[in-house]
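# Breakdown of the fold
Single-letter residue listing:
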Amino acid sequence: VRTDGCRPFTPFNLEFNNPLDAKAFQPSQVKVTPAIEGMKVSVYYSGINITGATKGRTTYTVTVDGSLRDTFGQTLGSNEQRTFNVGSAYPFLSASGNGFVVLDPNGPPRFSIFSVNQPSVKVRLYAVGPEHWTNYFRYLNHDRRQPIAPPGRLVKSDTVNINGQPDEITETAIDVSPALKNGFGHAVLIVEPTVKRNEYEQGITLWLQATQIGLDAFADYSDLVGWATSLKDGKPASGVEMSLAVAAASGQEASATTGNDGVARFALPANPGQKLL
């Protein structure tokens, strides 16, 4: 058993000479001090796996009861103890969302990032609009060896200090209001860690939208039905203007306004293969 060099949240594993009797095993046969928050104990063939929210810079003692039995009916005989030395956590930075996030309509224009052992982060904020959407995806997928500028207009570039405890997950709210107009609109947020595990580690890049309107659409070959609701309570939103941006060369426009049911209907451009943005 390797008991040194563990990191927080890394499972503890105990290996035995013989396969264990999984049916006879009871989690109460394994005790850990100090206690591990959310601890779960499981058996796999000849081993015991212990998972949970272990803390950094902490030594844990695992005691296995002597009644532990293998598949041959033999017991461990006496209590056995092993210690696990958990070191410091790796520097870490993350956020929710997969490239696109709608901010909470009931809260201020803030976006939370989560970090461990990061003293600060570098933040860049860009004001963008729907016309920048294509360039945003181009930026996400560009070759990092050939840097390109993010889309939109840079409105904030700053280093944000993080007041976190060592090895603890810390939530930090980033103010994105400078990129919005009256609290609404779109922004591209780029957050880079100041402490990296390696030179290839990337930060967070997200398109944020601040709105109170939820939007969905259903389409067939000729028509599109748009549905608008309130993000706060889910009720249909009336009077919402919807439009499709089509290829500029076509000269066509399509728009409609939702009724009391939150639904708007309009015909799609007639040209086969017409590109919709």
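These notes cover the structure that comes with them. Because the structure is a prediction, the values reported are computed rather than measured.

### Quick word on the nonpolar core
Nonpolar side chains in soluble globular proteins generally cluster together in the buried interior. If you look at the biggest cluster of nonpolar residues, it comprises 22 residues, and the most contacted ones within it are Phe111, Ile113, Val121, Val123, Leu189, Val191 and Leu208. Within the residue set of this core, elements represented by two or more residues are strand E9 (110-116), strand E10 (120-128), strand E13 (185-193) and strand E14 (204-210). Discounting chain neighbours no more than four positions away, the residues touching Leu189 are Phe111, Val123, Arg124, Leu125, Ile174, Ile204, Thr205, Leu206 and Leu208. Among the nonpolar cores identified, the runner-up in size contains 17 residues, and Phe12, Leu20, Val62 and Val86 belong to it.

### Some points on the pattern of salt bridges
Throughout the structure, instances matching the rule amount to six salt bridges. Salt-bridge contacts for Asp21 lead to Arg69; the nearest nitrogen and oxygen are separated by 3.3 Å. Residue Asp21 is located in the loop between strand E1 (12-15) and strand E2 (30-33), and its partner Arg69 is located in the loop between strand E5 (58-64) and strand E6 (80-86); the two are separated by 48 residues in the primary sequence. Classification of Asp21 as buried rests on a relative accessible area of 18%. Of the charged contacts in the structure, one is a salt bridge between Arg57 and Asp167, with a shortest N-O distance of 2.8 Å. Of this pair, Arg57 sits in the loop between strand E4 (47-53) and E5 while Asp167 sits in the loop between strand E11 (153-161) and strand E12 (170-175), and the two are 110 residues apart along the sequence.

### Brief notes about the sheet that holds strand E7 (residues 92-94)
Strand order in this open sheet of three strands is E7-E9-E12, and the pairing throughout is antiparallel. Each having just a single partner strand, E7 and E12 make up the two edges of the open sheet. Pairwise comparison of adjacent strand axes, ignoring direction, gives a mean angle of 30 degrees for this sheet. Note: E7 against E9, three bridges, orientation antiparallel. Of the residues in E9, the one forming a bridge with Phe92 is Val116.

### Quick notes on the environment of Val176
When you line up the elements, Val176 lands in the loop between E12 and E13. Overall, the relative accessible area of 1% leaves Val176 in the buried class. When the C-alpha positions of Val176 and Asn13 are compared, they lie 44 Å apart, and in sequence the two are 163 residues distant. Apart from residues no more than four positions distant in its own chain, Val176 is found in contact with Leu103, Pro109, Arg110, Leu125 and Leu208.

### Details of the environment of Phe218
With respect to the helices and strands, Phe218 occurs in strand E15 (residues 213-219). Here the alpha-carbon distance between Phe218 and Gly73, two residues 145 residues apart in the chain, equals 62 Å. The residues touching Phe218, leaving out its near neighbours within four places in the chain, are Asp223, Leu224 and Val225.

### Here's the deal with the layout of surface pockets
Computed from the structure, the largest pocket encloses a volume of approximately 1100 Å³. Lining the largest pocket we find 30 residues, and of these Pro130, His186, Gln209, Leu215 and Ser243 sit closest to its centre. Within the residue set of the lining of the largest pocket, elements represented by two or more residues are strand E8 (100-102), helix H1 (133-140), E13, E14, E15, strand E16 (223-230) and strand E17 (241-244). At five residues, E15 tops the list of elements feeding residues into the lining of the largest pocket.

### Re the packing of aromatic side chains
Two aromatic rings, taken as a pair, are described by how far apart their centres are and by the angle between their planes. Tallying each qualifying case throughout the model produces eight aromatic pairs. Arranged with centres 4.3 Å apart and planes meeting at 10 degrees, the rings of Phe12 and Phe84 form a pair that is stacked. A residue pair is termed long-range when its members are at least 10 positions apart, and Phe12 in strand E1 and Phe84 in strand E6 qualify at 72 residues. The pair formed by Phe12 and Phe84 is uniform in burial state, with each residue classed as buried. Between the aromatic rings of Phe100 and Trp133, the centroid separation amounts to 5.8 Å while the plane-to-plane angle is 80 degrees, which identifies the pairing as edge-to-face.

### What about the pairing of strand E3 (residues 37-44)?
Looking along a regular strand, one sees the side chains alternate between the two faces of the sheet. The sheet contact formed by E3 and E4 spans six bridges and is antiparallel. In the strand pairing of E4, Tyr44 is matched with Gly47. What sits between E3 and E4 in their antiparallel hairpin is a turn of two residues, with Tyr45 showing a positive phi close to 45 degrees.

### Here's the deal with unusual backbone geometry
Residue Pro34 is bonded to the preceding Thr33 through a cis peptide linkage, with omega at -5 degrees. Here Pro34 shows up in the loop between E2 and E3. The phi torsion at Asn117 lies on the positive side, around 55 degrees, for a residue other than glycine. A residue is classified by how much of its surface remains accessible, and Asn117, at 21% relative accessible area, is partly exposed. Non-glycine residue Asp167 carries a positive phi angle of around 70 degrees. The exposure class of Asp167 is buried, given its relative accessible area of 9%.

Conventions adopted
Residues numbered from 1 in each chain as written. Predicted model: local features only at pLDDT ≥ 70, side-chain atom pairs only at ≥ 80, totals over all residues. Heavy atoms only, no water. Core = buried A, V, L, I, M, F, W, Y, C linked by side-chain atoms within 4.5 Å. Buried < 20%, exposed > 50% of the residue type's maximum accessible area, 1.4 Å probe, protein only. Helix = DSSP H or I, 4+ residues; strand = E, 2+ residues; numbered from the N terminus. Contact = heavy atoms within 4.5 Å. Salt bridge = Lys/Arg side-chain N within 4 Å of Asp/Glu carboxyl O. Pairing = 2+ DSSP bridges. Axes fitted to C-alpha atoms, helices over the stretch in contact; angles between N-to-C directions. 1 Å grid on protein atoms, 1.4 Å probe; cavity = no way out; pocket = protein on both sides within 12 Å on 5 of 7 lines; lining within 4 Å. Points joined across faces, edges and corners; volume = space filled by probe spheres on them. Phe/Tyr/Trp six-rings, centres within 6.5 Å; stacked < 30°, edge-to-face > 60°.

Take it as geometry only, folks, not as evidence of what the structure does.
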